[in-house]
Each structure stands twice: as structure tokens, then as C-alpha cells.
Amino acid sequence: MALLEDWKAVAYNQNQSQYSLQEFWDDYFEKEKNVYKVLLRDFGKPYKGTVSALAETFGITNLEMAGFLDGIQESLKVENPIDTMDEMTEVNLDFDKEKLFRNMVDAKAEWLYTLPEWDLIYDKETQKELIRDQKQSHTVHVKKIGRNDPCPCGSGKKYKYCHGRPGAEPLPGYTK
């Protein structure tokens, strides 16, 4: 079994009690936070090596390193072969700083995107902008049309006599 599969079997084990699972994740998130503190503090330093060597560098287990690699995968400049990796697989942690920050915001991992080490990379204003932009990127803006407005289909009729009448086909992207 690949290391990532082993990680998922432990991390998402539905046979554990809710309390045990919560305890597991609380412990993991604390370790994850410590790894990110080092990576952000040493931004630009190339962290690469075997899964086992990196786990030892950061003081975590090989399984925890597999979980960490799974979490950071989408933020890396070059992705690692996480689906097939074992302890001796060569991996790197060369991340795109903006992608990583945005992915942390997207994952609602406030304990990570509010780390003080981000201040070494982005000023507070830039951080606020990135947070706002990322959160707004998921906002759906619905175009609402009034019943007395001209119909957007271009017919020249009022909306209430065209696509707004009962039983009429709705216009894509608009709500009644």
C-alpha cells in the first residue's frame, strides 16, 4: 500500500470515535502549523529530499509527512508523485506563495493563513487583499431583472410580457 493510502486509512477512519478522530486532527493540525512556520520563515530555501528525510527534518512521522504533502500538493510549483510515494520517494516543497496563501483561505484554515510568518512574505494590506479576493472568487452574482425592464433577449418587449410571463422559458444567468 502506498504511503498516502496508509495516511487516508488512519486520518479518515470511520471506525474511530468522534472524540479520537478530533484528537487526531487537533494533534496533526498543530504539527502542520509548525511545519508551515518553518517553511514561511525560510521562504525560498529549497526543502527537498526523501519523504523520510523531510519528516525527520520537521519532527513528524512519515505518515504525517504524507498528509502534509497531500495538503500542499496543489500549491507546489512542481507536484510530487503522492499517489505512488513511499518513504524513499524524492519530493520537494517548492511552493508558489500566492497559491499557498489562497489555498489556505479557500480551505478556511485560518490557523495557517494568519500565521505571523506570513508577515515576512506579505504586508498586512496585501494579505487582506488576497483574503478578500479569494473569498469573493466564490461569490455568485445573480443578475436580477425587474418586470418593467426591457427583456435582455433583445425583443424590445418589457420583461413581464416576454421571458417574465408565467410559463415562459427563463433566460440563462437571470432570476425572476
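Placed above this text is the structure.
For clarity, every value in this text was computed on a predicted model and none was experimentally measured. Counting of residues starts from 1 at the beginning of each chain's written sequence and follows it residue by residue. Residues qualify for local features only when their pLDDT is at least 70, as the model is predicted, and side-chain atom pairs are given and counted only at 80 or more; totals for whole chains, interfaces and linings, by contrast, use all residues. Computation of side-chain values covers all heavy atoms of the structure but excludes hydrogens and water.

**Description of the side chain of Gln-127**
Link 1 in the chain: Within the element layout of this structure, Gln-127 appears in helix α7 (residues 124-136).
Link 2 in the chain: Beyond its immediate stretch of four places on either side in the chain, Gln-127 contacts Phe-101, Tyr-113, Trp-118, Asp-119 and Tyr-122. Strands here are runs of E lasting at least two residues and helices are runs of H or I lasting at least four, both read from the DSSP assignment and numbered beginning at the N terminus. Contact definition: two residues touch when any of their heavy atoms are within 4.5 Å.

**Remarks on helix α1 (residues 3-11)**
Link 1 in the chain: Burial classes follow relative accessibility: with a 1.4 Å probe on protein chains only, a residue under 20% of its type's maximum area counts as buried, one over 50% as exposed, and anything between as partly exposed. Of all the residues in α1, the buried ones are Leu-3, Leu-4, Trp-7 and Ala-11. Taken end-on, α1 shows its buried residues confined to a sector of 100°, consistent with a single buried face.
Link 2 in the chain: Looking at the packing, one finds that the buried side of α1 touches α2 (18-41), α3 (51-58) and α4 (62-72). By construction, the arc corresponds to the directions joining the helix axis to the C-beta atoms.

**Topic: the pattern of salt bridges**
Link 1 in the chain: Basic side-chain nitrogens of Lys or Arg form a salt bridge, by our definition, when they fall within 4 Å of a carboxyl oxygen of Asp or Glu. Evaluated as defined, the whole model comprises eight salt bridges.
Link 2 in the chain: Ionic pairing is found between Lys-31 and Glu-64, a salt bridge with its closest N-O pair at 2.8 Å. Placement of the pair is Lys-31 in helix α2 and Glu-64 in helix α4, with a sequence separation of 33 residues.
Link 3 in the chain: On the basis of relative accessible area, Lys-31 is assigned to the partly exposed category, the value being 26%.
Link 4 in the chain: Overall, Glu-64 belongs to the buried group, its relative accessible area being 9%.
Link 5 in the chain: With its nearest N and O atoms 3.0 Å apart, the salt bridge here joins Arg-102 to Glu-98. With Arg-102 and Glu-98 both in helix α5 (residues 97-106) and four residues apart, this pair spans about one turn of that helix.
Link 6 in the chain: The exposure class assigned to Glu-98 is partly exposed, which follows from its relative accessible area of 35%.

**Here we look at the packing of aromatic side chains**
Link 1 in the chain: The criterion for an aromatic pair is that two Phe, Tyr or Trp rings (for Trp, the six-membered ring) have centres within 6.5 Å, with stacked assigned to planes under 30 degrees apart, edge-to-face to planes over 60 apart and tilted to the rest. This model, assessed by the stated rule, comprises 16 aromatic pairs.
Link 2 in the chain: Both rings, one in Phe-29 and one in Trp-111, keep their centres 4.8 Å apart while their planes meet at 45°; by these two values the pair is tilted. Pair noted here: Phe-29 is in helix α2 and Trp-111 is in helix α6 (residues 110-113), with a separation of 82 residues, a long-range link.
Link 3 in the chain: Ring geometry for Phe-43 against Phe-95: centres 5.5 Å apart, planes inclined by 50°, an arrangement best described as tilted. You can see Phe-43 sitting in the loop between α2 and β1 (48-50) and its partner Phe-95 sitting in the loop between β2 (90-92) and α5, a full 52 residues away along the chain.

**Concerning unusual backbone geometry**
Link 1 in the chain: Not every positive phi belongs to a glycine, and Lys-108 is a case in point at roughly 60°.
Link 2 in the chain: Tracing the backbone through its elements, the reader meets Lys-108 in the loop between α5 and α6.

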